[in-house]
Amino acid sequence: MPSNRTNISDTPTPALTRADGVFGRGSATIGHAVSADLHSWRLVADALVPADTPGWDDLATWTGCTVRGADGRWYLFYTGVGHAEGGLVQRIGLAVSDDLTTWHRYGTEPIVQADPTWYELLDKDLWYEQAWRDPWVFPDPDGEGWHMLITARANTGPAKTRGVVGHATSADLVNWIVRPPLSTPAGFGRLEVPQVAIVDGQPLLLFSTDATANARSDDHRIWVATGRSVRGRWDVASARPFTHPHLYAPRLVPGPAGAWSLLGFLDHVDGEFVGELTDPIPVRYRASTGLTVDPARTAADWRPRS
C-alpha cells in the first residue's frame, strides 16, 4: 500500500498533535512539530487553530491526518466543532498547504458530515456528543480514489455499543461521499483514531478506546482487528488488544525493510497526565499472537524508511 506519510529521508516528519476528550477538546488546536528521526522533536508554529466566529469550527480543531495529492499539495483532514452547538457536533474539514508549514482552510464549510442514513446524530439521551471525528485518509490500493475512515456511531443498537468505523470515499480529496460503516457494533461506544496498514502481510485496523466507552468485560485501550484488505470490512468483534499500560491513540509508522512501529502518546502514568509523545515502539504481527512488541528490535534500532 502506498505510504501517506512524508518521505523522511527528504523532509522532516510533521507531527500534528492531538488534544481531545478528557484532555481539553473544547480548547484544542492542531499543533506542529518536526523531526528527522521520530525521537527528537522541534516545535514550530501551530498548523491550524479554530476559525473566527461565527464558523462551524470556531471552538476547536483536532485529530486528523495529512496526505499528498496528485497536484503535489498537502491535504490536512481534521475534526472541528463550533460554539453554535456547544462543541457537541463534530464535523470534518480540510486545509491545504504547499510546504507543510502554512495551511489554509479549503472553503468555509465542512467537507464530510455524518449521514443519518447510517450514523447517529446528536441525541444527548443516547450519547454525550455527535461522534464524527479522527479522519484517516489513504489511497485505494487499486488506484480508485481515496478512502476516509472516521470515528462514528451507528444509528441502531444499544447506546453504549454503537461505535463503528465510519467510511467515505473521494476521487479527488475534495468531494466526498459518505458510505455505510465498515464494521458493525461490537461492544464499543467508540472506536477512536482508526488507522489501517498492512503489517507482516496482514491488513490491520488499529483503534483506541477507554473504559468509559467499552461495554466488553476486558478493559483494554488499544485494539487491532483483521480484514482481507485495507478497504475492510473489519471484524471488530474479534479484535485483539495491544497491551501497553500508558499508550493511547498510537499510529503505525513504517520503518526499514518493511518493519513497523507504534508512535503515540503517554496519557496517565501513576495517576498523573503526561501527554508526551513516545519514541517508536517496534511491533510485529503474527496470526497466533496478534500485534505485539517486536522483541528483536528496540526503539534505538528504529530508523526512518527511506
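Residues numbered from 1 in each chain as written. Predicted model: local features only at pLDDT ≥ 70, side-chain atom pairs only at ≥ 80, totals over all residues. Heavy atoms only, no water.

Caption draft 1: Examining the sheet that holds strand S6 (residues 91-97) more closely. Across the sheet, 4 strands lie side by side as S4-S5-S6-S7; this open sheet has antiparallel pairing. Where the open sheet ends on each side, the last strands, each with one partner, are strand S4 (60-68) and strand S7 (104-105). Examined bridge by bridge, strand S5 (residues 74-81) and S6 share 7 bridges and lie antiparallel to one another. When the sheet's bridge partners are listed, Phe 77 is paired in S6 with Leu 94. (Pairing = 2+ DSSP bridges. Helix = DSSP H or I, 4+ residues; strand = E, 2+ residues; numbered from the N terminus.)

Caption draft 2: Looking closely at the packing of aromatic side chains. Summed over all chains, the structure comprises 8 aromatic pairs. Between the aromatic rings of Trp 118 and Tyr 119, the centroid separation amounts to 6.4 Å while the plane-to-plane angle is 75 degrees, which identifies the pairing as edge-to-face. Centre to centre, the rings of Phe 188 and Trp 223 are 5.1 Å apart; their planes meet at 70 degrees, and the pair counts as edge-to-face. Taken together, the residues span a long stretch of sequence, with Phe 188 in the loop between strand S11 (176-179) and strand S12 (192-199) and Trp 223 in strand S14 (residues 222-226) at a distance of 35 residues. For Trp 223, a relative accessible area of 0% puts it in the buried group. An aromatic cluster is present here, built from Trp 118, Tyr 119 and Trp 132 joined pairwise through their rings. Directly above the ring of Trp 127 sits Arg 153, whose terminal nitrogen or CZ lies 3.9 Å from the centroid. (Phe/Tyr/Trp six-rings, centres within 6.5 Å; stacked < 30°, edge-to-face > 60°. Buried < 20%, exposed > 50% of the residue type's maximum accessible area, 1.4 Å probe, protein only. Lys NZ or Arg CZ within 6 Å of the ring centre and 35° of its normal.)

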